[in-house]
Structure formats: C-alpha cells, structure tokens
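Structural characterization, general
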Amino acid sequence: MHDSSPLETKSPGKKHFIAKISGVLFKALENLYMICDDYYKHKSFRATTRPQHIQENYEASCESVLEKTLKFYDQCQAHYDLSLSDFRSLLERSEYIFQNVPRIWINKMGEKYEENFNQKLDEIEGNFRRTHGLYQQEKKDNETQLEPSLGHPQMHEKFTTLEEKEKTRKERHQKLIAETFQDSRKIINKSSTEFTKMVATSCIELLRKFQLLLCVDDVIIPDTTPEVKFSMDALLKMRCKCGLELEQLRDPNCNATVVDLERGLTKWPGLKIPPEIIKLCKSLKRFQEPIETPNAVKPQQQTIKSRDHVYDHFLQSRVDALERIERKRDERTKTEARWDENWSQSMQNIHHFYN
C-alpha cells in the first residue's frame, strides 16, 4: 500500500475544493476495498476469467484500485492548481485594467468642471463687451461734438455739458472695468474652493470603493505553478504598458501587472492645496491629511496620481485665468487713461482757443 497517500488515513473534514474531492475519492476507495474484500473471500480457488483486469489476490487489487484513485486525485489537483493560477492571473490583469477607471473618471470630472468654469468667465466677459460697446459709441458721439467753436464764451454752457457728459461716461466705464475684474476674480476663487473640495472628496470615495476590490494577494498560491499562456497580442500590450520583456511576462512568477506597490496598511498622501486657496476656505485643511486604507491596490495608486495630475492642471488654469483678467484690466485702464488724457488736452486747447 502507499503509506504517503492522502486518501488512506481518514476522510478530510474541510470544505474547500480539494478536500471535497478527497472526501469523494476516500468514500469511493472504502467501498471498492469492501467490494474487493467480499469478492476475494468468495472467490476460493476458482481461476480468474479476465486476469488482465482482475488481480490474483486482495492486496494486488487494492494496490491497483489505490493507484487509479490517486491518478484521479492528481488530475483534480492539477485542474485545481491551473484554475487557481488562471484566476490569480485574471485578478492581476483586472487590477491592472481597473487603473483606467479612476484616471478616466477624474479626468472627465476635471474637464467638465473646467469647461463650466470657463463658461462662467466668458459670460462675465460677454456682459462687459456688450456694455463696453455702448460706452464706446457714447465716446464717439462725444468726440464728434468737439468743435473749436465750443471755446467761444457764448458756447460755455454747451462746453460744460459735454465735459460733464464725458466725465460721467468715463466714471461708468472705469466702474465697469473694476466690477468685471472683481466678478471674474470671485468666480475664480469660488471655483477654486469648489473644485478642491470636489476632487478631494471624489478621491476619498474612490479609495474606499477600491478597497473592496479582490486582489491577487487575497487568493492562495497553488501548490504547483503551471505555465499560464497568454496570446501574443496580450503579451505585446502588457510589454508596452509594463516595459518588460516577453520572457518575463511568460514567467508565472513575474508579477507584471502589479509593480512598485506595497500591500497592507497604506497611508496615501493628502491633497497639496496652495496657501492662497486655504485662506479662501480654512475647512479645506482636512483634505491635506493622509488617507489611510487597510490595503493597497493598483487602482488606488492611480487614483492618487490622477487626482494630483488633474488638480495641478486646474491650479495652472487658475493662475492663467488670474493673469488674464489682470492683464485685461490693466490694458483697459491704460486705454481709458490715454483717452482721458487726449480728451482733457483737446478740451483745454478748445478752451484756450478764444483766450
């Protein structure tokens, strides 16, 4: 008999796949032993009709039955190991593919918010241009009324009326420039705090959801590691993504999809928020604290990278928007100042024309 047989001692009591198979084979083996024992007790000295299938004695028959039963066990074990290896490979590839989820989600969220952000600024700019056009027309009307005859003492009242009219227009135009700048800056500051809160809370939510993701480290390692075969197109895609050679990707011990990631309790870095945004809303400080998760999976790592990438892009857009509105304000103020200087000089020349 085979002393090292996993089926000879007692029926397994566990409930996993191999234990259940062992239990079935153990019961079958016990029944076959009983049949063999009964057969050879009643066989006496009669010759075996099919010696090629039936052994001469009880011990030889038991050896044959046990050998075939162990072959069934080995086949089940091999199938189990292959299935486990395939499942682990599937988990690795799934974890790798799931990295795209936070990247696409956060990028789309950032693009959508930035689109709305620019629309609000464009709306303010559109309102400015409409009112600015009216003031420009009023400026042209005032300019057409500038005549040398206005300097005559008899035209003093008309001269004063035109001067007051242009002064009122200038004050309203300057107020429009200042209000447009202030409204634009308020939108930028409000959007900065809103987006900071939105991207931070979305990141925390994604980290918690991906914590439920089953990863390869949650699955037991098979007793034997059969070769896992990938199609050539799959190998080429993995090679492009991971930067590994095909021989490494074919190696079942090579963790090609989950690299540079330590499992276990992880503290993910908080969001790096500029001080000027913290001043706008001090409650945002809590998003600068590390985020702790019981385990680490690749999509969580990608979530942090995508969050930082999108937030850095938004911060740059914020800086560009602030510089743009300041530049427009300065240019419009200088233009209005030059016009006012020319207007004052023209009014002075007309006034002294008859003096």
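Some remarks on the overall build of the protein
Looking only at helices and strands, one finds 8 helices and 2 strands in the protein. Secondary structure elements in the protein, listed N-terminal to C-terminal, are α-α-α-α-α-α-β-α-β-α. Across the 355 residues that make up the protein, the buried fraction comes to 37%. For the protein, long-range pairs separated by at least 24 residues make up 80% of all intrachain contacts whose partners lie at least 6 apart in sequence. Only carbon and sulfur atoms are counted for the fraction: they give 53% of the accessible area of the protein, which is about 22,800 Å².

Notes on the side chain of lysine 139
Here lysine 139 is to be found in helix H3 (residues 100-144). With sequence-adjacent residues up to four places away left out, lysine 139 is seen in contact with Arg169, Glu336 and Trp339.

So, the nonpolar core
Ranked by size, the top nonpolar core spans 20 residues in total, and within it Phe195, Val199, Ile273 and Tyr311 carry the most contacts. Elements represented by at least two residues in this core include exactly H3, helix H4 (156-210), helix H7 (275-280) and helix H8 (298-351). Ignoring any residue separated from it by four or fewer positions in sequence, one finds isoleucine 273 in contact with Thr196, Ile278, Leu284, Phe287, Gln288 and Tyr311.

Comments concerning the environment of glutamate 163
Positionally, glutamate 163 belongs in helix H4. Classification of glutamate 163 by relative accessible area gives partly exposed; the value is 35%. Expressed as a C-alpha distance, the spacing of glutamate 163 and tryptophan 343, which sit 180 residues apart in the sequence, is 9.3 Å.

Quick word on the packing of H3 against H8
The interhelical angle for the contact between H3 and H8, taken along N-to-C directions, is 5 degrees, at an axis separation of 9 Å. With respect to H8, the axis of H3 lies roughly parallel. For the contact of H3 with H8, the class distribution of residues is 12 nonpolar, 9 polar and 10 charged.

Concerning the pattern of salt bridges
Scanning all chains against the criterion turns up 12 salt bridges. Between glutamate 125 and arginine 129 there is a salt bridge, and its shortest N-O distance comes to 3.5 Å. Separated by 4 residues within a single helix, glutamate 125 and arginine 129 lie in helix H3, roughly one turn from each other. For glutamate 125, a relative accessible area of 10% puts it in the buried group. On the basis of relative accessible area, arginine 129 is assigned to the exposed category, the value being 56%. Shared partners join several salt bridges into a network, and the residues in it are Glu125, Arg129, Lys328 and Arg332.

Let's talk about the packing of aromatic side chains
Enumeration over the complete set of coordinates arrives at 6 aromatic pairs. In this structure an aromatic cluster arises from ring pairing among Tyr113, Phe117, Phe195, Tyr311 and Phe314. Arginine 329 extends its terminal NZ or CZ atom over the ring of phenylalanine 181, reaching a point 4.2 Å from the ring centre.

Some thoughts on a nonpolar patch on the surface
Taken together, Phe87, Leu90 and Leu214 make up a surface patch of nonpolar side chains, about 270 Å² in accessible area. Following the sequence through the fold, leucine 214 ends up in the loop between H4 and helix H5 (232-242).

Structural notes on the confidence of the model for the protein
Summary statistics for the protein give a mean pLDDT of 79 and a share of 76% for residues scoring 70 or more. When the criterion is pLDDT under 50, residues 246-259 qualifies, and its contacts beyond four places in sequence or with other chains add up to 29 contacts.

Here's the deal with the packing of H4 against H8
The angle between the axes and the distance between the axes are what describe a pair of packed helices. Packing of H4 against H8 brings their axes to within 10 Å, and their N-to-C directions diverge by 175 degrees. With respect to each other, H4 and H8 are oriented roughly antiparallel.

Examining the side chain of histidine 173
Within the element layout of this structure, histidine 173 appears in helix H4. The contacts of histidine 173, once residues within four sequence positions are left out, are His132, Tyr135, Gln136 and Glu336.

Parameters at a glance
Residues numbered from 1 in each chain as written. Predicted model: local features only at pLDDT ≥ 70, side-chain atom pairs only at ≥ 80, totals over all residues. Heavy atoms only, no water. Helix = DSSP H or I, 4+ residues; strand = E, 2+ residues; numbered from the N terminus. Buried < 20%, exposed > 50% of the residue type's maximum accessible area, 1.4 Å probe, protein only. Contact = heavy atoms within 4.5 Å. Areas by Shrake-Rupley, 256 points an atom, 1.4 Å probe, with all protein chains shown as cover. Core = buried A, V, L, I, M, F, W, Y, C linked by side-chain atoms within 4.5 Å. Axes fitted to C-alpha atoms, helices over the stretch in contact; angles between N-to-C directions. Parallel < 35°, antiparallel > 145°, perpendicular 65-115°, else oblique. Nonpolar A, V, L, I, M, F, W, Y, C, P; charged D, E, K, R; others polar. Salt bridge = Lys/Arg side-chain N within 4 Å of Asp/Glu carboxyl O. Phe/Tyr/Trp six-rings, centres within 6.5 Å; stacked < 30°, edge-to-face > 60°. Lys NZ or Arg CZ within 6 Å of the ring centre and 35° of its normal. Patch = residues over 30% accessible without salt bridge, like charges linked within 9 Å, V, L, I, M, F, W, Y side chains within 5 Å. pLDDT = per-residue confidence, 0-100.

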